[in-house]
Amino acid sequence: MKAPSKPPLEWDGDPDDPQTATSSSESDSSLTTPTKNSEGDKVRTSSAQKRGKSNPGSERNCLLASLKTTGDNKDDKENDSQSEKDIPLISRASKDYTETAKIDSKLEKISINSEKDSRKGKSMDVTMPMNITCTEMMDLIKFAGGESPIQLDEFIVKTGKVVRILEMCHSRRCVGKLRPFPRVNIHNAMFSPMDSKVPRLRIPLVECPKDFLSDPKQFENVLFAARVVNWRSDDIYAVGSLTKKIGGNSSALEDELEVLLVENGITWDSQFPPGVEATCQQILGCTDGAEWEPTEYDLKTRRDFQSTTVVSVDPPTARDLDDALHCVEVASGVYEVGVHIADVSHFVKEGTPLDDEASMRTTSTYMPNRVIPMLPRALCEHVCSLQPNKSRLAFSIVFTMNREGEVLKHWIGKSVIKSCCQMSYDHAQKMIDEPDCTSEDVPSVPSEHFEAVKEAIIRLHLLAQNMKKARFHSGALKIQKKKLGFLLDPQTGQPGSFFHHRGMESHSLIEEFMLLANITVAEKICTSMPEFGFLRRHDSPKPNMLKKLEKECELFEVAMADGSSSGGIAECLDLLYDTLKDKDEGRYLFLVEQFSKKMQLAKYFCMGAHGSRSHSHYALNVGCYTHFTSPIRRYPDVIVHRQLYAVLCAEGQGQGEGAESDREDTMSNASFSSSSLTEAEDPDFKFNIYCQQLSQERSDKQIKKLEEIAHHCNVNKLAAKRVGEGSIELFFAFFVRDNGPITMQGTVVGVLDQAVDVLLHDLHSVKRLYFQEQEGFDITPIKHSSVPQKNKATIKFPPSKDPDESKNCHEIELKIFEPLKVSVFVPDKSAKLKLKFCLD
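Per chain, residues are indexed from 1 in the order of the written sequence. This being a predicted model, a pLDDT of at least 70 is required before a residue's local features are given, and a value of 80 or more before pairs of side-chain atoms are given or counted; all residues contribute to the totals for chains, interfaces and linings. Each side-chain value is worked out from all heavy atoms of the structure, with water and hydrogens disregarded.

Q: Can you explain the overall build of the protein chain? Please cite residues and give values.
A: Put simply, DSSP H or I for four residues or longer makes a helix, DSSP E for two residues or longer makes a strand, and each gets a number counted from the N terminus. Scanning the protein chain from N- to C-terminus turns up 19 helices and 26 strands. Each residue is placed in one exposure class: buried if its accessible area under a 1.4 Å probe, protein chains only, is under 20% of its type's maximum, exposed if it is over 50%, and partly exposed if it falls in between. Out of the 840 residues in the protein chain, the part that is buried amounts to 48%. Contacts in the protein chain between residues far apart in sequence, at least 24 positions, make up 68% of those at least 6 positions apart. In short, Shrake-Rupley with a 1.4 Å probe defines the accessible areas, and a residue's cover is counted only from the protein chains shown. For the protein chain, the accessible area works out to roughly 41,800 Å², and carbon and sulfur atoms hold 48% of it. When checking whether two residues touch, look at their non-hydrogen atoms; a contact exists if any pair is within 4.5 Å.

Q: Which residues make up the pattern of salt bridges, and what values go with them?
A: When a carboxyl oxygen of Asp or Glu is within 4 Å of a side-chain nitrogen of Lys or Arg, the pair counts as a salt bridge. Scanning the model with the defined rule gives 30 salt bridges in all. Here Lys 524 makes a salt bridge to Glu 651, at a shortest N to O gap of 2.8 Å. Pair noted here: Lys 524 is in helix α14 (residues 505-528) and Glu 651 is in helix α18 (residues 635-655), with a separation of 127 residues, a long-range link. Through salt bridges that share partners, Arg 202, Arg 232, Asp 234 and Asp 235 make up one connected network.

Q: Break down unusual backbone geometry for me, citing the residues and quoting the values.
A: Of note, the phi angle at Arg 172 is positive, near 60 degrees, even though the residue is not glycine. Within the secondary structure, Arg 172 sits in the loop between β2 (162-167) and β3 (173-179). The phi dihedral of Thr 362 falls on the positive side, at around 65 degrees, and the residue is not glycine. Of the residues examined, Thr 362 reaches a relative accessible area of 2% and is grouped as buried.

Q: I'd love a proper account of the nonpolar core, names of residues and values included.
A: Membership of the largest hydrophobic core comes to 89 residues, with the highest contact counts inside it found for Leu 379, Met 423 and Phe 513. Considering each element in turn, this core owes the most residues, nine residues, to α18. With near-sequence residues (within four places) excluded, Met 423 lies in contact with Val 311, Ser 312, Val 313, Asp 314, Ala 428, Met 431, Val 442, Ser 444, Val 445, Val 453 and Ile 457. Phe 486, Phe 735, Leu 769 and Leu 833 belong to the second-largest nonpolar core, a separate cluster that totals 44 residues. To form a nonpolar core, buried Ala, Val, Leu, Ile, Met, Phe, Trp, Tyr and Cys residues must be joined to one another through side-chain atoms within 4.5 Å.

Q: Requested: an account of the environment of Lys 832, with residues and values cited.
A: With respect to the secondary-structure elements, Lys 832 resides in the loop between β25 (819-825) and β26 (834-837). Taking C-alpha positions, Lys 832 is 9.6 Å from Arg 737, a pair spaced 95 residues apart along the chain. Other than its neighbours up to four places away in sequence, Lys 832 contacts Phe 825, Val 826 and Pro 827.

Q: Outline the side chain of Thr 365, supporting the account with residue identities and numerical values.
A: Tracing the sequence through the fold places Thr 365 in strand β11 (residues 365-367). Among residues more than four places away in sequence, those in contact with Thr 365 are Ile 266, Arg 370, Val 371, Ile 372, Ala 720 and Val 723.

Q: Give me the lowdown on the sheet that holds strand β22 (residues 778-782), citing residues and values where you can.
A: Two strands pair if DSSP finds at least two bridges between them. What the three strands build is an open sheet, ordered β22-β23-β24; its pairing is antiparallel. Each of the sheet's edge strands pairs with one partner strand only, and the pair in question is β22 and β24 (811-814). Pairs of neighbouring strands in the sheet enclose a mean axial angle of 15 degrees, with direction left out of account. Bridge analysis of β22 against strand β23 (residues 792-796) gives five bridges, and the strand direction is antiparallel. Among the inter-strand pairings, Asp 778 is bridged to a residue of β23, identified as Lys 796. Only the stretch in contact is used when fitting a helix axis, every axis being a line fitted to C-alpha atoms; angles between N-to-C directions are given from 0 to 180 degrees.

Q: Go over the pairing of strand β17 (residues 534-537) with me, naming the residues and quoting the values.
A: Side chains of β17 alternate between two faces, with Phe 534 and Arg 536 and Leu 535 and Arg 537 buried alike. In the sheet, β17 pairs with strand β18 (residues 603-606) via four bridges, with the strands oriented antiparallel. Bridge pairing in β18 links Leu 535 to Phe 605.

Q: How would you summarise the packing of helix α12 (residues 425-433) against helix α13 (residues 450-473) if you had to cite specific residues and measurements?
A: Orientation of α12 relative to α13, taken along the N-to-C sense of each, is 80 degrees, at an axis distance of 9 Å. It follows that α12 is roughly perpendicular to α13 by the angle criterion. On the side of α12, the interface is formed by Ala 428, Met 431 and Ile 432, while α13 contributes Phe 450, Val 453, Lys 454, Ile 457, Ile 458 and His 461. Here the contact of α12 with α13 is composed, by residue class, of seven nonpolar, one polar and one charged. Note on angle classes: values under 35 degrees are labelled roughly parallel, values over 145 roughly antiparallel, values of 65 to 115 roughly perpendicular, and the remainder oblique. Three classes are used, and their members are as follows: Ala, Val, Leu, Ile, Met, Phe, Trp, Tyr, Cys and Pro are nonpolar, Asp, Glu, Lys and Arg are charged, and the others, Gly among them, are polar.

Q: Give me the lowdown on the packing of aromatic side chains, citing residues and values where you can.
A: Aromatic pairing here means that ring centres of Phe, Tyr or Trp (its six-membered ring) are within 6.5 Å. Orientation follows from the plane angle: under 30 degrees is stacked, over 60 is edge-to-face, and everything else is tilted. According to the stated counting rule, one finds 10 aromatic pairs in the structure shown. On the basis of an interplanar angle of 55 degrees and a centroid distance of 6.0 Å, the ring pair of Phe 212 and Phe 219 is categorised as tilted. Given the relative accessible area of 9%, Phe 219 is considered buried. Relative to Phe 732, the ring of Phe 498 lies with its centre 5.3 Å away and its plane at 85 degrees, an arrangement referred to as edge-to-face. Taken together, the residues span a long stretch of sequence, with Phe 498 in strand β16 (residues 495-500) and Phe 732 in helix α19 (residues 696-739) at a distance of 234 residues. Looking at Phe 732, the relative accessible area reads 2%, which means it is buried.

Q: Tell me what's going on with the packing of α12 against α14, and back it up with residues and numbers.
A: Close contact between α12 and α14 brings their axes to 8 Å; oriented N to C, the two are set at 105 degrees. Between α12 and α14, the crossing angle belongs to the class labelled roughly perpendicular. Packed against α12, whose contacting residues are Tyr 425, Ala 428, Gln 429, Ile 432 and Asp 433, the element α14 presents Glu 505, Ser 506, His 507, Leu 509 and Ile 510 at the interface. Looking at the contact of α12 with α14, its residues break down into five nonpolar, three polar and two charged.

Q: Could you give me a rundown of the side chain of Thr 279, with the residues and numbers involved?
A: Following the sequence through the fold, Thr 279 ends up in helix α8 (residues 274-284). When sequence neighbours within four positions are dropped, the list of residues in contact with Thr 279 reads Thr 352, Pro 353 and Leu 354.

Q: Pulling in residues and values, what's your account of the sheet that holds strand β19 (residues 742-751)?
A: Pairing within the open sheet is antiparallel, and its five strands lie in the order β21-β20-β19-β25-β26. Edge positions in the sheet fall to β21 (765-770) and β26, since each has one partner strand and no second. Across this sheet, the average inter-strand angle for adjacent strands is 50 degrees, counted without regard to direction. Examined bridge by bridge, β25 and β26 share four bridges and lie antiparallel to one another. Note that in β26 the partner of Phe 825 across the bridge is Lys 834.

Next comes the structure, spelled out in structure tokens:
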């Protein structure tokens, strides 16, 4: 069984909608007075008249709903629509909507400060009645104080229509069941997808099983994978094609995982095409990579760290070890810290079948029981993996730092290392917590290296703590959520138990130095290749999301001082942690979930494709950022390695032969400073397209190509994230199904008409409990608002069988943040979690 390696350390926020389209949505805040008849009543404009208007704003300005208001003129009822200026600002579905409200009663509900205050420059305090129209609002504001300084965008919902699909981001793949058409159809079968967002398909009978028409019942419970080929606008069915049959795996859990992979567009597996494997063997000169060793040329042209105490810290089951560290004291209070990253780009050459496969996958996909790698195992688990006691090629950044973790200078170049041990996070944490521990307490470290390793870990920990403190002091943000792990049965592969991953200081130790390396490389690329730089940005939350977040915090009696900066969000989360974590865990977990949902997704991009747009990373609060430290499992890191290498080559050639001085001390890239190096001597050495003086046409083509790669990486990264999260939920569901109902502590976070939303503390996720599925309970919803957090419900529990307790009142009121124990179970032949009220 292949164990997954460590997950990404940085937080990526919440994903946007992957469907890209062009919308005609705009808002025109220029409001005009509608026409009136001879009696002074407003006259509604017909659809034909509106289409004939020359004012484009009349088509763009669209509010929440197109509702009619009552009037005395009978001609009003004959028109098929009303003036856009008289559309109410809220939907008729609102409880406070009053169709026949008069202007006087609306005037009583609006409060505007005096004209005197308005002239002093103070903003107008406007409280809007729920069913006021745009025209009436403007009349009231003018009546109260002249011109309106308020922003109408706050009350206007922008709407639009899709006019053209720019790119089909959906994988067009789905899982479902085959059915014969209700009427005899000798050419096609009907495919019903499990995903309701995918249309039903016409599948040619030649692709169906041979005995499908003669005996369709035997396929009633058989799942198939299919893809959408075409969907005409005049047909309710799309044309599809079967790709494979789902099932036949070793267990039902494996079948569900296969469905999850197909639905998220991950159609590859751990096996690689023969051409890719052949290319890999040709590059390595061996079959599996276990016996690979660096050449004499590698040792001659790279900086040698083989005699330095280099250590890797990873999960105990990790095999793709792509980073390692060393730390030595070079002077009193001055330390040399080396961050060594696997040199994957040395083996994965551009334009080869191996590179094509890696650029198609773009990322490794992690599940609790296995990993689908980006690279063949000969590379990711052997040759590129920084295994202990084996010489490996690396791309290194050596920092010279003081005790406070401030960087005094740094060196970047290619190297050869030999890690002395592979430590687990637990063992590194033991060294941090117990400095007096012995080699017997940490068996993963050889006794001959124990003291040097322990000294390095303790020094790295102290530096990382100072770096982390300074980073968050400058306004960095990190949202931490609970994550489940599983102990699997070695024979069946089924989950035997689950646990929560706990954050340790040893995790922060690795994270801080990986972040430092990524930021250093990003700054280097931004300076040297501002057109082709392959970076990762994280945009700030959208203004409307921040407004929603502020309102939710007010609703939950939490004040958010400043939501415009990551530092303000971080301060609010720290306050929540200090005040709620121990007193009201449910409220704290839910608010953390809300903060996470309001964040945008970090994305890869090419600098030249975004012009003057901000390249900053909101959560990390840095001007530029990229991914450099995980090239074994992320294709963007491979691109960044190539770009960094090109920059170093250009700098080295510019210096000439005389610039190559002592490579141990110089801060330039001495490894590449000899102008006599040629591509024949070093296959890696070539001034690739990133460093050439290109024509504008070629430059634009390269920028476009990099932007396409970035987009593809973003799509696959999101798909891999969904598979990872979905597989964890699947494993928990199968654990519950095999071990019976589990009682869990929850918190009510929303009450609906026929259901209640419960946040389960152990899962840190919200599940819905339906009233109709609860037997023996008398449930009375008390709905008084369209906001689920403001509703309540009364639940009467069935009488207790214990005569001493039967007289007690078994009635509770469910409301927001009410603690609640629930029983979590999985129905037969299902993999979906269900909730019931717990009687205990």
